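Coordinate inspection notes
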Amino acid sequence: MRKPEMAAGRIGIIGFQHESNTFSPLATDLSQFTTTSGDELVERWGTSYTEVAGFLRGLADEGLEAVPLYMATATPSGTVTSEAFVHLVGSIEDALKSSPDLDGLLVAPHGAGVSADERDMDGFLLQRVRSIVGDDVLIICTLDLHANVSSRMIDACNATIAYRTN
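Attention in this report is confined to the structure presented alongside it. The numbering scheme is per chain: residues are counted from 1 as the chain's sequence reads. Local features in this predicted model are restricted to residues of pLDDT 70 or higher, and side-chain atom pairs are both shown and tallied only at a pLDDT of 80 or more, whereas totals for entire chains, interfaces and linings draw on every residue. With hydrogens and water stripped out, all remaining heavy atoms of the structure feed into the side-chain values.

**So, the packing of aromatic side chains**
- Any two rings among Phe, Tyr and Trp, with Trp reduced to its six-membered ring, count as a pair given centres within 6.5 Å; such a pair is stacked if its planes are under 30 degrees apart, edge-to-face if over 60, and tilted if neither. As enumerated under the stated definition, the model contains 3 aromatic pairs in all.
- Taken together, a centroid distance of 6.2 Å and an interplanar angle of 25° make the contact between Phe-16 and Phe-85 stacked. A residue pair is termed long-range when its members are at least 10 positions apart, and Phe-16 in strand 1 (residues 10-17) and Phe-85 in helix 3 (residues 82-97) qualify at 69 residues.
- With centroids separated by 5.5 Å and ring planes inclined at 55°, the aromatic side chains of Phe-85 and Phe-124 adopt a geometry described as tilted. Remark: Phe-124 occurs in helix 4 (residues 121-133) and Phe-85 occurs in helix 3; sequence separation between them is 39 residues.
- Exposed residues in this analysis have more than 50% of their type's maximum accessible area, buried residues have under 20%, and partly exposed residues fall in between, with area computed by a 1.4 Å probe over protein chains only. On the basis of relative accessibility, which here comes to 7%, the residue Phe-85 falls in the buried class. Secondary structure elements are taken from DSSP: a helix is a run of H or I of four residues or more, a strand is a run of E of two residues or more, and numbering for both begins at the N terminus.

Written as structure tokens, this is what we have:
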């Protein structure tokens, strides 16, 4: 397990949440996702009952700077289309590459995402995030308790936290 030093103060926030039902014949396309970034992310999610709101409150309580990078979420439904998945992962990659230097990341995948081309959508995303930020940036991931947890997900993060109450 990686053991970088404790984060100094600038923490990025990413969310990509979809609970995929692989038995549904109805695919989830890009139009079904709500996406936000920057101040809009804070405005939309800051007072919600989600882990992203918890990230924002917790960082503020600790005097750490929140860097709201990107949030994509859709109602539980069928497998995410290839086009939507590529677009959303690309948007997250772009947000990371254009962000200021970060000391850590708080990432909120749902843990049950499947795309047409990637059965472990969340593991893929977390590996991509790790490859962009490198091993010196702390990554903490939160998951719903009925997540499909993979070794890819665990290996990409310094800590993985399953929450009990939604």
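**Concerning helix 3**
- Given the number of residues in a helix, its expected span is that number minus one, multiplied by 1.5 Å. Compared with the 22 Å implied by 1.5 Å per residue over 16 residues, the 22 Å span of helix 3 between its first and last C-alpha is a close match.
- All of the buried residues in helix 3 are Ser-82, Ala-84, Phe-85, Leu-88, Val-89, Gly-90, Ser-91, Ile-92, Glu-93, Ala-95 and Leu-96.
- For helix 3, the elements touching its buried residues are strand 1, strand 3 (34-36), strand 4 (65-73), strand 6 (104-109) and helix 4. In this analysis, two residues are considered to be in contact whenever any of their non-hydrogen atoms come within 4.5 Å of each other.

**With respect to the pattern of salt bridges**
- Take a side-chain nitrogen of Lys or Arg and a carboxyl oxygen of Asp or Glu: if they are within 4 Å of each other, that pair is a salt bridge. Per the stated rule, a full pass over the model turns up 4 salt bridges.
- Among the charged side chains, a network of salt bridges with common partners joins Glu-118, Asp-120 and Arg-152.

**Topic: the pairing of strand 8 (residues 159-163)**
- Where strand 7 (residues 138-144) lies against strand 8, 5 bridges are found, and the strand directions are parallel. Paired with Leu-143 across the bridge in strand 8 is Ala-162.
- Once the chain exits strand 7 it traverses helix 5 (residues 151-156) before rejoining the sheet at strand 8, and the crossover so formed is right-handed. In this description, strands pair whenever DSSP reports at least two bridges between them. When the strands point away from the viewer, a crossover counts as right-handed if the route from the first strand across the helix to the second turns clockwise.

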